[in-house]
Amino acid sequence: MTFLSRMPSWIGHHVAAIRVVIVLTAVLGLAYPLAMTAIAQVPGLRDNAQGRSSLIGQSFLDKKGDPIPYYFQSRPSNAGTGYDASASAAGNLGPESTVDVLGPDGKQSLLTQVCARSKAVGELEHVDGSRPYCTSDGVGAVLGVFREGGTTGTATRVVSLNQACPAKPFVAAYEGVTVECAQAGEDYGTAVVTPVRGDAPARPKVPADAVTASGSGLDPQISPAYAELQTPRVARERGMTEGAVRKLVEKYTSGRALGILGEPAVNVVQLNAALDRTHPEKGA
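Read on for a plain summary of the structure. (Residues numbered from 1 in each chain as written. Predicted model: local features only at pLDDT ≥ 70, side-chain atom pairs only at ≥ 80, totals over all residues. Heavy atoms only, no water.)

Moving on, we get to the environment of Leu-161. The residue Leu-161 is located in strand S2 (residues 155-164) in this model. What makes Leu-161 buried here is its relative accessible area of 6%. Taking C-alpha positions, Leu-161 is 7.1 Å from Cys-181, a pair spaced 20 residues apart along the chain. With residues near it in sequence (within four places) discarded, Leu-161 still touches Val-99, Leu-102, Val-142, Leu-143, Gly-144, Ala-182, Tyr-188 and Val-193. (Helix = DSSP H or I, 4+ residues; strand = E, 2+ residues; numbered from the N terminus. Buried < 20%, exposed > 50% of the residue type's maximum accessible area, 1.4 Å probe, protein only. Contact = heavy atoms within 4.5 Å.)

Take the sheet that holds strand S7 (residues 253-254) next. Working definition: the strands of a sheet are paired by backbone hydrogen bonds and lie parallel or antiparallel to each other. Strand order in this open sheet of three strands is S6-S8-S7, and the pairing throughout is antiparallel. Bordering the open sheet on either side are strand S6 (221-222) and S7, each of which pairs with just one other strand. Both S7 and strand S8 (residues 265-267) contribute to a ladder of two bridges, which runs antiparallel. Paired with Ser-254 across the strands is Ala-265, a residue of S8. Of the strands in this sheet, S6 and S8 are in contact with helix H7 (residues 268-278), which crosses S8 at around 50°. (Pairing = 2+ DSSP bridges. Axes fitted to C-alpha atoms, helices over the stretch in contact; angles between N-to-C directions.)

This next bit is on the packing of helix H5 (residues 224-238) against helix H6 (residues 242-251). The N-to-C vectors of H5 and H6 enclose an angle of 135°; their axes lie 9 Å apart at closest approach. Classified by the interaxial angle, the pair formed by H5 and H6 is oblique. Every pair of crossing elements has a handedness; the one defined by H5 and H6 is right-handed. Seen from H5, the contacting residues are Ala-227, Glu-228, Thr-231, Pro-232 and Ala-235; seen from H6, they are Glu-242, Val-245, Arg-246 and Val-249. Across the contact of H5 with H6, the residue classes break down as five nonpolar, one polar and three charged. (Parallel < 35°, antiparallel > 145°, perpendicular 65-115°, else oblique. Left-handed = near helix turned anticlockwise from the far one by under 90°. Nonpolar A, V, L, I, M, F, W, Y, C, P; charged D, E, K, R; others polar.)

This part is about the pattern of salt bridges. Counted according to the given criterion, the structure contains nine salt bridges. The partner of Arg-233 in a salt bridge is Glu-125, and the shortest N-O contact between them spans 2.9 Å. Of this pair, Arg-233 sits in helix H5 while Glu-125 sits in helix H4 (residues 110-125); the two residues are 108 residues apart in sequence, bridging distant segments of the chain. For the pair formed by Arg-233 and Glu-125, the shared burial category is buried. One salt bridge connects Glu-180 with Arg-157, and the closest N-O pair in it is separated by 3.1 Å. Of the two residues, Glu-180 sits in strand S4 (residues 177-182) while Arg-157 sits in strand S2, which places them 23 residues apart along the sequence. Take Arg-157: its relative accessible area is 26%, and that puts it in the partly exposed class. Each of Arg-157, Glu-180 and Glu-186 takes part in salt bridges that share partners, so that together they form one network. (Salt bridge = Lys/Arg side-chain N within 4 Å of Asp/Glu carboxyl O.)

What follows deals with the side chain of Thr-135. Relative to the helices and strands, Thr-135 is located in the loop between H4 and strand S1 (142-147). Within the structure, the side chain of Thr-135 is placed 2.2 Å from the side chain of Asp-137, a separation counted as a polar contact. Leave out the neighbours within four places in its chain, and Thr-135 touches Gly-140, Ala-141, Gln-163 and Phe-170. (Polar contact = N/O pair within 3.5 Å; in protein donor to acceptor, adjacent residues only side chain to side chain.)

This paragraph deals with the state of the cysteines. All told, the structure shown has two disulfides when counted by the stated rule. In this model, Cys-115 is linked to Cys-134 through a disulfide, with the two sulfur atoms separated by 2.0 Å. Because the sign of the S-S torsion sets the handedness, a value of about -80° for the bond joining Cys-115 and Cys-134 places this disulfide among the left-handed ones. Of this pair, Cys-115 sits in helix H4 while Cys-134 is found in the loop between H4 and S1, placing the two residues 19 residues apart along the sequence. Take Cys-115: its relative accessible area is 2%, and that puts it in the buried class. On the accessibility criterion, Cys-134 (17% relative accessible area) is buried. Here Cys-165 engages in a disulfide with Cys-181; their sulfurs sit 1.8 Å apart. Taking the sign of the torsion about the S-S bond as the criterion, the disulfide between Cys-165 and Cys-181, at about 95°, is right-handed. (Disulfide = S-S within 2.5 Å.)

Next comes the structure, spelled out in structure tokens:
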């Protein structure tokens, strides 16, 4: 009889488990990572492995944080200060994020972020940047309505929650009550939060991906609609025809995966690199 056959069964089970751990550690903890590292150094994959990939987006802004006009702009990013690969993250704000925290240490709601971005894109591209539930000055069009019965009854006081004084409220009155601007630091927690749609078109000129960040904050793609919106500006800044710019956009547009999954998308990093190679900034 061998030594193992004379051992209690529970010891045999532990020995077998230790052997499995050793084998899996060697295979998955050493051999597999080393093999993947070696494969990643193959020409054509090396740049991706070392982080110089067109699969990771980037901002095309100047030192002041303003858009560089001769580049196509990426979508917003919540990764660090923008497209920081070491801080990939989403904003973690949802549809109920409609009321700003006002004051020097304030925080914008998701709604106000969307409104501000839409206004800025509209100004950059010379189109109407308005969208539903946004004020003309680029914040969420949200009223705090105080009512006699708490959540029901006659309105007794109305505050434009995202417009700090001395801003002029986006509507003068609501249900016959004069609308006030908001005072930073004042508690409006007992008011009924009431978003106001306004008269903006149901289909805004500024596409949704121009005003919302991706889940990772690193996506290099924008929608064809957002690329089309930017085409006249880029063509003008680079001294190109819009047709020539559209041909480049088409070249760097990918279709749906397997023909059915996702939506067509334009890789902004590749597109801007191609523009720099073939049509440098006008006058450069």
